[in-house]
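# Observations on the model geometry
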Amino acid sequence: MKIVKALKAKSILKYILPVIIVVILFSIWHFQRKIITVTKTRLVLGTVVEITVQGKNRGLLSDAVSAAFLRISEIEKIADRNTVDSEISKLNSLAMLGESKKIPVSRETLEMLNLARGVSESSGGAFDITVAPLVDLWNFKEGGQNRRIPEKGEIRERLKFVDYRNVIIDKSDNSISSDLAGIKLDLGGIAKGYAVDEAVLVLRGFGVESGVVNAGGDMAIIGNKVGGSPWVIGVQDPRDANKLIALLSLEDVSVVTSGDYERYFIHNEKRYHHIIDPNTGYPSNESISVTVIVKNTAKNKAKNTALADALATAIFVLGPEKGLELAESIDSVEVLIVGPSGKTFATKGVIDIIEYLD
Ligand code: FAD
Ligand code: MG
């Protein structure tokens, strides 16, 4: 009897199994068919910003992306030193007066200053937003004219104003002050990341659970791709724009690259670029490219692209040895560094997410 029953069950299964498989395949096809990807690109923050989101409601996705771009423009209005009426420009014209006078700042500026302060402290001043007088002297702005190597004396003169400890942040009344006349702030090493974080907050507010915000190499990755696979991001060869050195498989992280190949000039076969060592006043030669990954966790979800942005600049200045040490000391942070000779260095956790390309 038992054998007959088993045979019966087997033959029933024989007929039902193909039906089950067809139903599953149809469901997958039906589910995937409804996934919509919306991508929009704009020129903001002095760079190309691209937002890609996935979901099922095209109208909602499109509204979410437009709102995210609006938020990025708001951050630009606050942090852009290239326009005279931005908050940072106004702040700089006031702060130049010194006198320890308290100047009220917006919540956004205060947040950026606090984040910057943390990275300045942990990097021993390799990241320093008071580097502005040197940035102006070197003038690596897009289309910047009269590029030249400043005199040693000029650099020495401007270095007097470079030290983040001269900015006093008072969180109790949202104000900053400085008693050093001539001090100037530059949020160029952190504001792009901060703007990306704010864009992500807006997208999440619309219910977006899958997407990428990319502001010229400062990226936030929201969730997985719909369907569960990770987003794959290429790391550019710093000496060949058409080549990738590695692929990173990423989900729910921020990933930011700082390199010496976007804003630079070559003089007497030496490269001068926009990441300044606040200690020497000259562009740092300790790295060629630095990619920082900050994983989102329940604890640190808020401003990870800003953190990655500032850390990428800091680690660039520190170079492979000290840079790896700094990255290993911070939870949820990984880094891939291309050192001065082209050799790559990485934190231990990178092995799980990287595929090196030849
Ligand atoms: P990062 O490594 O992230 O940062 C380098 C930048 O940070 C430098 O350009 C300098 O500004 C600053 N910096 C240099 N050394 C240090 C250091 N040791 N510590 C801290 N900071 C340092 N570019 C234009 O050409 N035109 C524009 O109108 C324009 N508008 C912008 C508006 C905003 C709000 C922002 C954030 C950027 C804008 N930019 C603009 C781009 C800007 O000039 C920088 O090129 C860009 O922010 C650098 O980003 P990065 O990822 O290349 O380098
Ligand atoms: Mg940066």
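Model, not experiment: these values are computed from the prediction.

### What to know about the pairing of strand β7 (residues 218–222)
Judged by how many residues are buried, β7 sits mostly within the fold: five of five residues are covered. Alignment of strand β6 (residues 211–215) against β7, held across five bridges, turns out to be antiparallel. The residue of β7 that forms the bridge with glycine 211 is isoleucine 222. The hairpin formed by β6 and β7 contains two residues between the paired strands, and glycine 216 there has a positive phi angle of roughly 50°. Across four bridges, β7 lies against strand β10 (residues 253–259) in antiparallel orientation. Bridging across to β10, isoleucine 221 finds its partner in valine 253.

### Topic: the packing of aromatic side chains
Here the structure, examined in full by the defined rule, presents five aromatic pairs. When the ring of tryptophan 138 is compared with that of phenylalanine 140, the centres are 5.9 Å apart and the planes differ by 15°; the resulting orientation is stacked. Phenylalanine 140 shares its class with tryptophan 138; the two are buried. Seen from their ring centres, tryptophan 138 and tyrosine 272 are 5.7 Å apart, and the 20° between their planes marks the pair as stacked. Placement of the pair is tryptophan 138 in helix α5 (residues 132–138) and tyrosine 272 in strand β12 (residues 270–273), with a sequence separation of 134 residues. We note that tryptophan 138, like tyrosine 272, is buried. An aromatic cluster is present here, built from Trp138, Phe140, Phe265, Tyr272 and Tyr282 joined pairwise through their rings. Here the basic side chain of arginine 165 rests over the ring of tyrosine 164, its NZ or CZ set 5.5 Å away from the ring centre. Directly above the aromatic system of tyrosine 264 lies the positively charged group of arginine 271, at a separation of 4.3 Å from the ring centroid.

### Describing the sheet that holds strand β2 (residues 47–55)
Taken together, eight strands build an open sheet; the order of strands is β1-β2-β6-β7-β10-β13-β14-β15 and the sheet is antiparallel. Strands at the two margins of the open sheet, each flanked by one partner only, are β1 (36–44) and β15 (344–346). Strand-to-strand twist of the sheet, defined as the mean angle between neighbouring strand axes without regard to direction, takes the value 10°. The strands touched by helix α8 (residues 304–329) are β7, β10, β13 (289–295), β14 (333–338) and β15; relative to β13, the strand with the most contacts, the crossing angle is about 125°.

### Let's talk about the sheet that holds strand β5 (residues 175–177)
Taken in spatial order, the three strands of this open sheet run β3-β5-β4, and their pairing is antiparallel. Edge positions in the sheet fall to β3 (103–104) and β4 (168–170), since each has one partner strand and no second. In the sheet, β4 pairs with β5 via three bridges, with the strands oriented antiparallel. Residue aspartate 170 lies in a different strand from β5, and its bridge partner there is serine 175.

### Considerations on the side chain of threonine 47
Checked against the element boundaries, threonine 47 lands in strand β2. The contact partners of threonine 47, leaving out residues within four places of it in the chain, are Arg42, Lys192, Ala215 and Gly216.

### Things to note about the coordination of the magnesium ion (ligand 2)
Asp309 (O), Asp309 (OD) and Thr313 (OG1) make up the full set of protein donors to the magnesium ion (ligand 2), lying at 2.1 to 2.4 Å. Here the residue aspartate 309 and the residue threonine 313 both occupy positions in helix α8, the gap between them amounting to four residues, near one helical turn. Its relative accessible area of 3% is what places aspartate 309 among the buried residues. The buried category is assigned to threonine 313, whose relative accessible area is 14%.

### Digging into empty space enclosed by the protein
According to the stated counting rule, one finds three cavities of 30 Å³ or more in the structure shown. When its volume is computed, the largest cavity comes out at roughly 70 Å³. A per-element tally of the lining of the largest cavity places helix α4 (residues 107–122) first, with four residues.

### Here's the deal with α8
When the terminal C-alpha atoms of α8 are compared, their 16 Å separation across 26 residues is substantially less than the 38 Å that a helix rising 1.5 Å per residue should span. Of all the bends found along α8, the most pronounced is centred on glycine 319 and spans about 135°, while proline 320, a proline, follows it within four residues.

### Observations concerning the pairing of β6
Counted residue by residue, β6 has four buried out of five residues, so it is predominantly covered. As paired strands, β2 and β6 are joined by five bridges and run antiparallel to one another. Its bridge partner being in β6, valine 49 is matched across the sheet by alanine 215.

### Comments concerning the environment of glutamate 251
Looking at the element boundaries, glutamate 251 is found in the loop between β9 (240–250) and β10. Given a relative accessible area of 43%, glutamate 251 falls into the partly exposed group. Spatially, the C-alpha atom of glutamate 251 lies 9.9 Å from that of valine 212, the residues being 39 residues apart in sequence. In this structure, glutamate 251 is in contact with Ile221, Gly223, Asn224 and Pro230, ignoring residues within four places of it in sequence.

Reading the values: the criteria
Residues numbered from 1 in each chain as written. Chains lettered and ligands numbered in written order. Predicted model: local features only at pLDDT ≥ 70, side-chain atom pairs only at ≥ 80, totals over all residues. Heavy atoms only, no water. Buried < 20%, exposed > 50% of the residue type's maximum accessible area, 1.4 Å probe, protein only. Helix = DSSP H or I, 4+ residues; strand = E, 2+ residues; numbered from the N terminus. Pairing = 2+ DSSP bridges. Phe/Tyr/Trp six-rings, centres within 6.5 Å; stacked < 30°, edge-to-face > 60°. Lys NZ or Arg CZ within 6 Å of the ring centre and 35° of its normal. Axes fitted to C-alpha atoms, helices over the stretch in contact; angles between N-to-C directions. Contact = heavy atoms within 4.5 Å. Donors = N, O, S within 2.8 Å, 3.2 Å for Na, K, Ca; no water. 1 Å grid on protein atoms, 1.4 Å probe; cavity = no way out; pocket = protein on both sides within 12 Å on 5 of 7 lines; lining within 4 Å. Points joined across faces, edges and corners; volume = space filled by probe spheres on them. Expected span 1.5 Å × (residues − 1). Bend = angle between axes of the 7 residues up to and from the residue.

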